[in-house]
Amino acid sequence: MKKLLEYKFPQDLKKLTEYELEILAYEIRDFLISNISKTGGHLASNLGVVELSIALHRVFDTPKDKLIWDVGHQSYVHKILTGRAEDFCSLRQWGGISGFPKVKESEYDTFDTGHSSTSISLAAGMAAARDLSGEDFHVAAIIGDGALTGGLAYEALNNAGVSKANMLVVLNDNGMSISQNTGGVSKYLGKLRSSQKYTDLKNKVKKNVSEIPGVGKGVVAGLQHVRDSLKYAVLDGIMFEELGFKYFGPIDGHNMGELLEALSMAREVEGPVFLHVITKKGKGYKSAEETPSKYHGTGPFDPTTGLQHSTGSAPSWSEVFGKKITAMAKDNKKIVAIGAAMLEGTGLKGFKKRFPKRTFDVGIAEGHAVTFAAGMAAGGYRPVVAIYSTFLQRAYDQIMEDVCLQNLPVLFAIDRAGIVGADGETHHGMFDLSYLNHMPNMTILAPSDKEELEDMLEYAVTLDGPCAIRYPRGEAAVLEFHQPINGSLLLEEGRDVEIWAVGNMLPAGAEVRELLKRKGIEAGLINARFVKPLDEKAILASAERTKLVVTLEDNVITGGFGESLAAAMMESPVKVLNFGWPDCFIEHGSCRQLFETYKLDPKSIAERICEYIEKQA
Ligand SMILES: Cc1ncc(C[n+]2csc(CCOP(=O)(O)OP(=O)(O)O)c2C)c(N)n1
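Residues numbered from 1 in each chain as written. Predicted model: local features only at pLDDT ≥ 70, side-chain atom pairs only at ≥ 80, totals over all residues. Heavy atoms only, no water.

### Side note on the site of the ligand
Thought 1: Around the ligand, the structure places 23 residues, and the nearest of them are S45, H73, G146, M176 and E366.
Thought 2: A distance of 2.7 Å separates an oxygen atom of the ligand from a polar atom in the side chain of H73.
Thought 3: At a separation of 2.9 Å, an oxygen atom of the ligand approaches a polar side-chain atom of K281.
Thought 4: Protein chains shield 98% of the accessible area of the ligand, which is 590 Å² for the free molecule.
Thought 5: Grouping the amino acids of the shell around the ligand by side-chain chemistry returns 8 nonpolar, 11 polar and 4 charged. (Near = heavy atom within 4 Å. Polar contact = N/O pair within 3.5 Å; in protein donor to acceptor, adjacent residues only side chain to side chain. Areas by Shrake-Rupley, 256 points an atom, 1.4 Å probe, with all protein chains shown as cover. Nonpolar A, V, L, I, M, F, W, Y, C, P; charged D, E, K, R; others polar.)

### Overview of the pattern of salt bridges
Thought 1: Enumeration according to the criterion identifies 26 salt bridges in this entry.
Thought 2: Of the charged contacts in the structure, one is a salt bridge between K79 and E105, with a shortest N-O distance of 2.9 Å. Taken together, the residues K79 in helix α4 (residues 76-84) and E105 in the loop between α4 and α5 (119-132) connect sequence positions 26 residues apart.
Thought 3: Looking at E105, the relative accessible area reads 26%, which means it is partly exposed.
Thought 4: Between K324 and E458 there is a salt bridge, with its nearest N and O atoms 2.7 Å apart. Of this pair, K324 sits in helix α13 (residues 317-331) while E458 sits in helix α19 (residues 450-460), placing them 134 residues apart in sequence.
Thought 5: Among the charged side chains, a salt-bridge network with shared partners connects K79, R84, E105 and D109. (Salt bridge = Lys/Arg side-chain N within 4 Å of Asp/Glu carboxyl O. Helix = DSSP H or I, 4+ residues; strand = E, 2+ residues; numbered from the N terminus. Buried < 20%, exposed > 50% of the residue type's maximum accessible area, 1.4 Å probe, protein only.)

### Focus: the confidence of the model for the protein chain
Thought 1: When pLDDT is averaged along the protein chain, the result is 93, and 93% of the positions lie at 70 or above.
Thought 2: Ignoring residues within four places in sequence, the model shows residues 196-201, a span with pLDDT below 50, making 10 contacts including any to other chains.
Thought 3: Predicted confidence is poor over residues 207-218, with pLDDT under 50, and the contacts of this stretch with residues over four places away or in other chains come to 12 contacts. (pLDDT = per-residue confidence, 0-100. Contact = heavy atoms within 4.5 Å.)

### What about the environment of T462?
Thought 1: Summarising the element assignment, T462 is placed in the loop between α19 and β11 (467-470).
Thought 2: Here the side chain of T462 touches Y459 through a polar contact of 2.5 Å, landing on its backbone oxygen.

### What to know about the domain arrangement of the protein chain
Thought 1: For the protein chain, the domain assignment lists domain 1 (4-290), domain 2 (317-470) and domain 3 (489-616).
Thought 2: For domain 1 and domain 2, the distance between their C-alpha centres works out to 33 Å.
Thought 3: Residue-level contacts link 20 residues of domain 1 with 17 residues of domain 2.
Thought 4: With both sides pooled, the region where domain 1 packs onto domain 2 buries about 1,300 Å², and carbon together with sulfur makes up 48% of that total.
Thought 5: Ranking the residues of domain 1 by area buried against domain 2 places R92, H115 and T182 at the top, with a combined share of 37%.
Thought 6: Summed over the shared surface of domain 1 and domain 2, the result is 3 salt bridges.
Thought 7: A salt bridge links K102 to E425, with the nearest nitrogen and oxygen atoms 3.8 Å apart.
Thought 8: One can count 6 residue pairs in polar contact (both at pLDDT 80 or more) joining domain 1 with domain 2.
Thought 9: Here the residues of the side of domain 1 that touches domain 2 are counted per class, giving 4 nonpolar, 13 polar and 3 charged. (Domains from an automatic or database assignment. Buried area = accessible area lost by both parts, 1.4 Å probe.)

### A look at the state of the cysteines
Thought 1: The final tally for this structure, using the stated rule, is 0 disulfides.
Thought 2: Between C404, a cysteine without a disulfide, and C467, which holds the nearest cysteine sulfur, the sulfur-to-sulfur distance is 11 Å. (Disulfide = S-S within 2.5 Å.)

### Things to note about the layout of surface pockets
Thought 1: A volume near 240 Å³ is recorded for the second largest pocket.
Thought 2: Lining the lining of the second largest pocket are residues from two domains, each supplying at least three of them: domain 1 (4-290) and domain 2 (317-470). (1 Å grid on protein atoms, 1.4 Å probe; cavity = no way out; pocket = protein on both sides within 12 Å on 5 of 7 lines; lining within 4 Å. Points joined across faces, edges and corners; volume = space filled by probe spheres on them.)

### Considering the sheet that holds strand β2 (residues 139-144)
Thought 1: Spatially, β1-β2-β3-β5-β4 is the arrangement adopted by the 5 strands of the open sheet, whose pairing is parallel. The open sheet terminates on both sides in strands that have one partner only, identified here as β1 (66-69) and β4 (246-252). Ignoring strand direction, the axes of neighbouring strands in this sheet form an average angle of 20°.
Thought 2: Bridge analysis of β4 against strand β5 (residues 272-278) gives 5 bridges, and the strand direction is parallel. For D252, the partnering residue across the bridge sits in β5 and is I278.
Thought 3: Helix-sheet contacts for helix α3 (residues 50-59) involve β1, β2 and β3 (167-173), and the interaxial angle to β1 is about 160°. (Pairing = 2+ DSSP bridges. Axes fitted to C-alpha atoms, helices over the stretch in contact; angles between N-to-C directions.)

Printed below as a string of structure tokens:
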């Protein structure tokens, strides 16, 4: 047998025997562990779909047939099987391959994904387009049980089930989201998984399949029989059947033979098909099997011991938030915490431990989380909704209609705001200031350091309406100046320039000030703290004192703090220079590389200010 890197994939897959495919699965697992231990990435989810990815590429004729990976964090094996194994040393790094499907990276990647629960909608849309244009190919969505907690998936099932279009939904059910999966559907899937009758039935499925001579009408008839027996003998009301899908399974997602058989059959069935596949998250690597959530997304680690390399000892912004809100909730019984399948990532694990009844993990359902919070606020509580900036985009309408319009005291703890690095385009949190800025009644705060975040949390719960506090990924800064939260904070006046820095851009602002000073430019520094309402009095005072006002924010310029400030200074003759992310999607890479590339590092900012001043002179 050839070595992994010697194959020409996916063509060579068609030539291998079932036994060789099983050996290949071992090789791929070794390859994943060895590579991801160096680059970091989504290990556990990929280890769980090795056989499934091999079987899909073996049975379907990609890239003509379309595979759509929900979220896309589990597409590494697919990438290996489509000619990208050699690029894995550059995974998620600047200029290297992405950790998510990217159309521009490969013709085998059918869509750029990253946000959960879109695959069934995409598959339904692609199937509809295919049928309208009279083309002939298969479409398969591969969705995890975590992603199946997202409302969009149900909108898609509801629509696709009755469409009669040929399409396949493969449910990759490992019982896990990032942490243990939650909710009623998850419980229902658990029942399907553990049912003793299911085991009996699985044997029946096997028997039926073995009696079928080949692929074709006979197979379909056989399947129909199995399906009916499954429906009526085992499960009183198969949810997916009722929605209009032909449901098959559950089958063992690590059994190559079973997978090949089931996929080959599902491929031949007319109409929408739902194939339920059971997998183990972290399969084949003990540490990841034992603690899959730790290896869902990991940094570099030692592959022999499984020990993850330390990421520094200072507390992260998420941890600072989690600790403070837990402390506040001890005295304020009205504080409740709401998360969307990310309690751990947003620092709420401790809150849940201390206040299990006051913690609500609603699944990957950001829109629901926000309206649920609105309901709790209407019921007299002080909900704190902790969601990453990029995923809160999902809840735009709920924030507007159900929170802001009602002026309800919901506190949004917006984590991973600004650029996030290796996850790239789909995950950078660089739009929240813009999408919240125009919402009436909303207060938007951005802390520059740990203590300021704590003070802002205290301040936010004194407000009568909605409030958003946005902070970035990584270690919380520790700075020296502190004042009560009641507007912007003037740190230094500047005769030539005054720099208004938003949140995490304050240290960069201080550095820019120093660099300008060396060039003989007297620059001041203001910690904006409030993005909304704007501290207009302080802005106009700044315009009175200085010749140029500069704004720095880790957000797109369009609709952000800088534009609001410039509008507030419209009557002033003083010029405004806005620094923030340009009007485009930002690729993956380290945050440092991205800031430098887009000339948002202190040195580049100082140079651009100098150039501007020289031009004006
Ligand atoms: C809208 C949205 N919210 C949250 C996330 C973060 N997220 C990425 S993967 C994941 C869990 C997915 O679980 P599942 O679909 O079961 O896949 P598994 O990793 O278990 O294979 C979550 C919550 C996301 N990508 N998109």
